[in-house]
Amino acid sequence: MKIVNRETFMKLAKGTVYSYYTPSIFEGLYIKISEPDELYHDSTKKTLNDFVCVPLIDGFVKGCYDNNVNHEEMDHFEFDLDCSTRDGMYEEDQLFAIYDENDILQLVSKLTQAF
């Protein structure tokens, strides 16, 4: 795992697994699904303001866009791991924890031990 600043993070490829990071605090678990040059907001392609990701922990559940669904009354519901979101609300000084292959394999192993 490594900690990177926003400028470095924005250059990372689609498929990057990350958390938002403030010293000693990791927030959420996400997969970046946009390429570094996909979301320019000016014609000069110099200002890259946001990116698209899939939240894995603090994410969406199936039916999240249906205002008539009351998840509290359901016996079971599932994450919607195909539901992406755009991150356009950011702080210039935001840090990101970038998970490497070993980190991801450790997470998978720990999750599968729960069964």
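See above for the structure.
Residues numbered from 1 in each chain as written. Predicted model: local features only at pLDDT ≥ 70, side-chain atom pairs only at ≥ 80, totals over all residues. Heavy atoms only, no water.

Engineer: How do you make sense of the environment of Arg-6 when you look at a structure like this?
Structural biologist: Here Arg-6 lies in helix α1 (residues 6-10). As a C-alpha pair, Arg-6 and Phe-96 span 90 residues in sequence and 7.1 Å in three-dimensional space. (Helix = DSSP H or I, 4+ residues; strand = E, 2+ residues; numbered from the N terminus.)

Engineer: Even after reading the chapter, I still don't get the side chain of Gln-94, so can you show me in this structure?
Structural biologist: Mapping Gln-94 onto the fold places it in the loop between β5 (85-87) and β6 (95-98). Accessibility expressed as a relative area gives 18% for Gln-94, which makes it buried. For Gln-94, the contacting residues outside a window of four places in its chain are Val-4, Asn-5, Arg-6, Tyr-20 and Tyr-21. (Buried < 20%, exposed > 50% of the residue type's maximum accessible area, 1.4 Å probe, protein only. Contact = heavy atoms within 4.5 Å.)

Engineer: What's the story with the sheet that holds β5 in this structure? I'm lost.
Structural biologist: Paired through backbone hydrogen bonds, the strands of a sheet run either parallel or antiparallel to each other. Taken together, the six strands give an open sheet; going across it, the order is β1-β6-β2-β3-β4-β5, and neighbouring strands pair in antiparallel fashion. With one partner strand each, in any of the chains shown, β1 (2-5) and β5 form the two edges of the open sheet. Looking at each pair of strands side by side, their axes are set apart by 45 degrees on average, direction ignored. Here strand β2 (residues 17-22) pairs with strand β3 (residues 25-32) via five bridges, running antiparallel. (Pairing = 2+ DSSP bridges. Axes fitted to C-alpha atoms, helices over the stretch in contact; angles between N-to-C directions.)

Engineer: Mind showing me how you'd approach the packing of aromatic side chains here?
Structural biologist: Here the distance between the centres and the angle between the planes together describe a pair of aromatic rings. All chains considered together, the criterion is met by 11 aromatic pairs. Aromatic side chains Phe-9 and Tyr-18 sit 4.7 Å apart centroid to centroid with 65 degrees between the ring planes, which places their arrangement in the edge-to-face category. Here Phe-9 matches Tyr-18 in class, with each residue buried. Through a chain of ring-to-ring contacts, the aromatic side chains of Phe-9, Tyr-18, Tyr-20, Tyr-30, Phe-51 and Phe-96 assemble into a single cluster. The positively charged end of Lys-32 is found above the aromatic ring belonging to Phe-9, 4.7 Å away from the centroid. (Phe/Tyr/Trp six-rings, centres within 6.5 Å; stacked < 30°, edge-to-face > 60°. Lys NZ or Arg CZ within 6 Å of the ring centre and 35° of its normal.)

Engineer: Is there a simple way to think about the nonpolar core in this case?
Structural biologist: The nonpolar side chains of a soluble globular protein tend to be buried with one another. Counting 11 residues, the largest nonpolar core consists of Val-4, Phe-9, Met-10, Leu-12, Tyr-18, Tyr-20, Tyr-30, Phe-51, Cys-53, Phe-96 and Ile-98. Every element with two or more residues in this core is listed here: α1, β2, β4 (51-55) and β6. Not counting the four nearest positions on each side in its chain, Tyr-18 is found in contact with Phe-9, Gly-28, Leu-29, Tyr-30, Ile-31, Lys-32, Phe-51, Cys-53, Phe-96, Ala-97, Ile-98 and Tyr-99. (Core = buried A, V, L, I, M, F, W, Y, C linked by side-chain atoms within 4.5 Å.)

Engineer: Any chance you could explain unusual backbone geometry here in plain terms?
Structural biologist: Residues other than glycine predominantly adopt negative phi, and peptide bonds predominantly adopt the trans conformation. One non-glycine residue, Ser-24, lies in the positive phi region at around 75 degrees. Mapped onto the elements of the fold, Ser-24 is located in the loop between β2 and β3.

Engineer: Teacher, can you tell me more about the pattern of salt bridges here?
Structural biologist: Between side chains of opposite charge, a pair can form when the charged atoms approach closely. Here the structure, examined in full by the defined rule, presents one salt bridge. Between Lys-11 and Glu-7 there is a salt bridge; the shortest N-O distance is 3.6 Å. The pair formed by Lys-11 and Glu-7 is uniform in burial state, with each residue classed as exposed. (Salt bridge = Lys/Arg side-chain N within 4 Å of Asp/Glu carboxyl O.)

Engineer: It is not clear to me how a nonpolar patch on the surface should be interpreted in this structure. Could you clarify?
Structural biologist: On the surface, Met-1, Ile-3 and Phe-26 cluster together into a nonpolar patch covering about 280 Å² of accessible area. With respect to the secondary-structure elements, Met-1 resides in the segment before β1. (Patch = residues over 30% accessible without salt bridge, like charges linked within 9 Å, V, L, I, M, F, W, Y side chains within 5 Å. Areas by Shrake-Rupley, 256 points an atom, 1.4 Å probe, with all protein chains shown as cover.)

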